[in-house]
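# Observations on chain architecture
Chain residues, written in single-letter form:
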Amino acid sequence: MRKRIVAGNWKMNKTFEEAIDLVSEQIIAFRNDKLPKDIEVIFAPPFPFLKTVSVLIDIPHVHVAAQNCYIEEKGAFTGEVSASMIRSSGAGYVIIGHSERRMYFNESNEFLAKKVVIALKAGLIPIFCCGETLKDRKNENHFNIVKLQLEESIFHLSESDFQKIVIAYEPVWAIGTGITATPAQAQEMHAYIRKLITDKYNHKVADNISILYGGSCNAKNAKELFANPDIDGGLIGGASLIAQDFVSIVNAF
Ligand code: 13P
């Protein structure tokens with residue numbers, strides 16, 4: 001049975017003290033509310049806070065993710081952070097291919113394919129992001145775009161490696177805009193992604209992979225989104241910066 005996951009992508013927000021407060025408040029809430037055993041919660045703070053957040057977390061099923069990693073293992077790449085550094089800081093996951101990385105840092109599908117490989121090699125679970133722009137959707141090209149992102153960045157993986165990853169569908173037009181994909185739109189794309197995985201690998205692999213929705217998901221709309229058969233949780237941006245909102249999203253399952 002696939003995992004249900006709620007991950008908070010803090011992006012480039014919070015100072016060190018604010019990060020500690022945010023994570024501490026949520027840990028207290030998850031301890032008191034008894035996080036259901038089959039739900040995983042992931043915090044994705046900025047790089048400088050990875051170790052501290054990892055040390056603070058002392059509840060099973062709560063994990064830490066980095067927001068990015070570089071394609072090389074080590075060496076003269078000033079300013080970059082390797083997957084093995086992230087792993088050794090206590091994180092178990094890494095977000096790869098977020099649309100902000102694609103848009104502002106020109107990360108291509110081919111480049112992201114390398115990140116997925118290096119992350120897996122370091123023992124990290126990639127949370128691979130895909131999703132179309134508004135223009136793609138208006139041109140009814142959204143299925144083709146997502147298909148190409150999967151084909152060029154993750155479909156080169158062996159079946160056993162592919163089974164380790166998590167996918168996040170994040171339509172670019174829904175990120176930080178307050179415009180959420182309707183549950184029907186999100187379900188339609190998630191089912192399509194699962195069908196592509198069935199065709200490329202097999203039914204069992206497709207059935208077991210967690211596919212998260214991201215894009216203006218909040219405490220109000222999470223329940224309706226998560227109620228869909230192919231939506232296994234969320235990758236949350238803005239709402240993950242407010243402890244009570246994020247806790248409510250986790251409890252929306
Ligand atoms: P928002 O929830 O702020 O729309 O961001 C979604 C996102 O980009 C998560 O990675």
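Residues take numbers from 1 onward in each chain, read along the sequence in its written order. Per-residue local features of the predicted model are confined to residues with pLDDT of at least 70, and side-chain atom pairs are confined, for both listing and counting, to 80 or more; whole-chain, interface and lining totals are unaffected and use all residues. Side-chain figures throughout are based on the complete set of non-hydrogen atoms in the structure, without hydrogens or water.

## Thoughts on the packing of helix H1 (residues 16–33) against helix H12 (residues 243–250)
Quick note on the threshold: Fitting a line to C-alpha atoms yields each axis, with helices limited to the stretch in contact; the angle taken between N-to-C directions then spans 0 to 180 degrees. Labels follow the DSSP assignment, with helices taken as runs of H or I lasting at least four residues and strands as runs of E lasting at least two, numbered in each case from the N terminus. Crossing handedness is defined as follows: a turn of the near helix away from the far one that is anticlockwise and smaller than a right angle gives a left-handed crossing, while the clockwise case is right-handed. Only heavy atoms matter for contacts: two residues are in contact if any of them lie within 4.5 Å across the pair. Side-chain classes are defined by residue name, with Ala, Val, Leu, Ile, Met, Phe, Trp, Tyr, Cys and Pro counting as nonpolar, Asp, Glu, Lys and Arg as charged, and the others, Gly among them, as polar.
Contact geometry of H1 with H12 gives a least axis separation of 9 Å together with a crossing angle of 35°. Every pair of crossing elements has a handedness; the one defined by H1 and H12 is right-handed. Mapping the contact onto sequence places Leu22, Glu25, Gln26, Ala29, Phe30 and Asp33 in H1 and Ala243, Phe246, Val247 and Val250 in H12. Counted by class, the contact of H1 with H12 contains seven nonpolar, one polar and two charged residues.

## What to know about the nonpolar core
Inclusion rule: Only buried residues count toward a nonpolar core, which is a set of Ala, Val, Leu, Ile, Met, Phe, Trp, Tyr and Cys residues joined through side-chain atoms within 4.5 Å. Each residue is placed in one exposure class: buried if its accessible area under a 1.4 Å probe, protein chains only, is under 20% of its type's maximum, exposed if it is over 50%, and partly exposed if it falls in between.
Counting residues in each nonpolar core, the largest one holds 71 residues, and the members touching the most others are Phe43, Leu150, Ile154, Phe162, Ile167, Ile193 and Ile197. Beyond its immediate sequence surroundings of up to four residues, Phe43 is in contact with Gly8, Trp10, Val23, Gln26, Phe30, Val53, Ile57, Val62, His63, Val64, Ala65 and Phe246. Ile5, Ile42, Ala44 and Ala65 belong to the second largest nonpolar core, which has 13 residues in total.

## Section: the site of the ligand
To keep things clear, this is the line we draw: Whether a residue is near a molecule or strand depends on its heavy atoms: if one lies within 4 Å, it is near. Pairs of N or O atoms within 3.5 Å make up the polar contacts considered here, provided that, within protein, one atom can donate a hydrogen while the other can accept it, and that residues adjacent in sequence are counted only when both atoms are side-chain atoms. Reported accessibility uses the Shrake-Rupley method at a 1.4 Å probe radius. Residues are deemed covered only where the shown protein chains occlude them. Computed over the protein atoms alone on a 1 Å grid, cavities are sets of points where a 1.4 Å probe fits but cannot get out and pockets are open sets with protein on both sides within 12 Å along at least five of seven lines; a residue lines them when it has an atom within 4 Å of a point. To qualify as sitting in a cavity or pocket, a molecule needs more than half of its atoms within 2 Å of the grid points.
Lining the immediate surroundings of the ligand are 13 residues, of which Lys11, His98, Gly176, Ser216 and Gly238 lie closest. Gly238 has a polar backbone atom sitting 2.8 Å from an oxygen atom of the ligand. Its free accessible area being 310 Å², the ligand has 94% of it covered by the protein chains. Cavity membership is defined here by more than half of the atoms lying within 2 Å of grid points; on that basis the ligand lies in the second largest pocket.

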